[in-house]
Each structure stands twice: as structure tokens, then as C-alpha cells.
Amino acid sequence: MSQIDPNTASGRTKEAFDEATRQFGGVINLFRVAGNAPNVLKGFLALNAHLNDGAELTGRQVELVAMLVSALNHCDYCVNVHMKVGMAQGATEDELIKALAAKSDDPEIEALLEFTNTVVRNRGMVPADVLSKARNAGFSDKALLETIGVIGQYTLIQYVRHVADPDHDFPMVGEFDAQQHGAAFG
């Protein structure tokens with residue numbers, strides 16, 4: 001799929017690119033491809049804006065969830081993006097690498113990642129013990145629904161990435177292995 005140059009974009013695509021710049025500081029290659037369907041890009045950006053409006057999840061928690069979702073969806077592009085953004089949100093490189101495998105040294109974060117892993121792998125069917133563990137770790141129903149929102153948001157854009165295959169904007173995360181970290185297809 002072709003990439004649209006933000007400098008020559010017009011109409012709804014320009015509006016979407018302007019919003020991407022406002023939210024993310026620029027228009028990454030994935031957004032340049034998504035600009036071919038500005039309604040889809042604007043939907044992604046609207047969800048992003050609303051998920052962050054009054055959220056209980058911290059930026060760090062969101063990025064750890066996003067890193068795991070990226071790994072589960074076999075999206076090396078997004079793993080690279082979330083490594084950079086996650087560190088900007090206060091996560092360490094080690095935390096982000098561990099999140100690829102739904103692991104954390106922090107029991108609260110590990111419960112959140114276990115919940116995320118279960119939601120993605122089981123298509124939303126979460127056993128009571130996993131839900132209870134996340135709640136016992138301090139996550140409210142609101143925070144857990146926000147987690148599901150983050151999963152949906154990034155799954156959408158990762159599917160666009162897989163179909164469009166844009167050039168990478170950020171350095172590759174060498175520790176990521178789609179076969180090891182990703183959810184099974186089928």
C-alpha cells in the first residue's frame with residue numbers, strides 16, 4: 001500500500017495527519033499508509049484520545065500492555081514503536097522486554113499482563129481466577145475495560161501494519177521473536 005506524504009495531504013487525510021501530529025508528535029510510516037482510509041486513521045486516533053482521557057491506567061501500564069499485544073499479534077513494527085514510547089512513559093527497557101512474554105518483576109504488572117495475555121489468546125474469554133488475580137492486584141473494572149480498549153486499539157493498527165507492511169520508523173528490538181512471543185494463528 002502506498003504511503004501518503006503529510007506535506008501534500010489534503011482534506012480528511014490532512015485532518016487525520018494533523019491529529020496524529022498533535023497526539024504523537026508526527027506522522028509515522030504506519031499512519032502514512034492508514035491515511036489512505038482517513039476514517040480508519042481518525043477512528044484509531046479518536047479511540048487513542050478517549051482511552052487516555054481520565055484513564056486509571058498509567059502511561060507506563062498502557063505501554064506495557066501495548067508491548068505485549070504487539071508481541072502476541074506478531075507485530076515487530078509496533079514492538080519497536082512501543083519500546084521507544086514505553087521508555088518515554090517511564091518503563092525500563094528490561095520491563096518492556098519482559099512484557100513481550102507477559103512477565104514482570106512487579107506482581108501488579110504481572111497480573112495486568114496475565115489478564116492481557118488471556119484476553120488476546122482466548123478472544124476475551126477470561127477465566128474467573130485470572131480476572132480475580134487482576135482485581136486483587138488493584139485493577140478496577142474501569143482499568144480492566146481500559147486494558148481491553150488498548151488491546152482493541154492496537155490490534156486494529158497492527159492488522160493495518162501487517163497488510164500494508166510500511167518501512168520501520170524505529171530501531172528493531174532484537175529480543176523480539178514472533179514465533180516465541182506471538183500468539184498461535186489458526
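Note that this is a predicted model, so its numbers are computed, not measured.

1. Side note on the overall build of the protein chain
Part 1: A count of helical and extended segments in the protein chain gives ten helices and zero strands.
Part 2: Put simply, the protein chain runs from its N terminus to its C terminus through helices and strands in the order α-α-α-α-α-α-α-α-α-α.
Part 3: Relative to the globule expectation of 16 Å for 186 residues, the C-alpha radius of gyration of the protein chain, 16 Å, shows essentially globular dimensions.
Part 4: C-alpha extents for the protein chain along the principal axes are approximately 50 × 35 × 35 Å.

2. Overview of the side chain of threonine 118
Part 1: Secondary-structure assignment places threonine 118 in helix H7 (residues 107-121).
Part 2: Overall, threonine 118 belongs to the buried group, its relative accessible area being 12%.
Part 3: For threonine 118, the side chain forms a polar contact with the main-chain oxygen of glutamate 114, separated by 2.8 Å.
Part 4: Contacts of threonine 118, omitting those with residues within four sequence positions, involve Arg123, Met125, Val126, Pro127 and Val130.

3. Looking at the packing of helix H4 (residues 59-72) against helix H9 (residues 141-164)
Part 1: The interhelical angle for the contact between H4 and H9, taken along N-to-C directions, is 45 degrees, at an axis separation of 9 Å. When the interaxial angle is binned, H4 and H9 end up oblique. Between H4 and H9 lies a crossing of right-handed hand. Seen from H4, the contacting residues are Val62, Glu63, Val65, Ala66, Val69 and Ser70; seen from H9, they are Thr147, Val150, Ile151, Tyr154, Thr155 and Gln158.
Part 2: Grouping the amino acids of the contact of H4 with H9 by side-chain chemistry returns seven nonpolar, four polar and one charged.

4. Some words on the environment of asparagine 29
Part 1: Looking at the element boundaries, asparagine 29 is found in helix H2 (residues 29-34).
Part 2: The contacts of asparagine 29, once residues within four sequence positions are left out, are Gln3, Tyr77, Pro166, Asp167, His168 and Asp169.

5. Observations concerning the packing of aromatic side chains
Part 1: One pass over the structure, following the stated rule, counts three aromatic pairs.
Part 2: Geometrically, the ring pair formed by phenylalanine 44 and tyrosine 154 is edge-to-face, given 6.0 Å between the ring centres and 70 degrees between the ring planes. A residue pair is termed long-range when its members are at least 10 positions apart, and phenylalanine 44 in helix H3 (residues 38-51) and tyrosine 154 in helix H9 qualify at 110 residues.
Part 3: Put simply, the rings of Phe24, Phe31, Phe44 and Tyr154 pair up and form one aromatic cluster.

Thresholds applied
- Residues numbered from 1 in each chain as written.
- Predicted model: local features only at pLDDT ≥ 70, side-chain atom pairs only at ≥ 80, totals over all residues.
- Heavy atoms only, no water.
- Helix = DSSP H or I, 4+ residues; strand = E, 2+ residues; numbered from the N terminus.
- Rg over C-alpha atoms; globule rule 2.2 N^0.38 Å.
- Buried < 20%, exposed > 50% of the residue type's maximum accessible area, 1.4 Å probe, protein only.
- Polar contact = N/O pair within 3.5 Å; in protein donor to acceptor, adjacent residues only side chain to side chain.
- Contact = heavy atoms within 4.5 Å.
- Axes fitted to C-alpha atoms, helices over the stretch in contact; angles between N-to-C directions.
- Parallel < 35°, antiparallel > 145°, perpendicular 65-115°, else oblique.
- Left-handed = near helix turned anticlockwise from the far one by under 90°.
- Nonpolar A, V, L, I, M, F, W, Y, C, P; charged D, E, K, R; others polar.
- Phe/Tyr/Trp six-rings, centres within 6.5 Å; stacked < 30°, edge-to-face > 60°.

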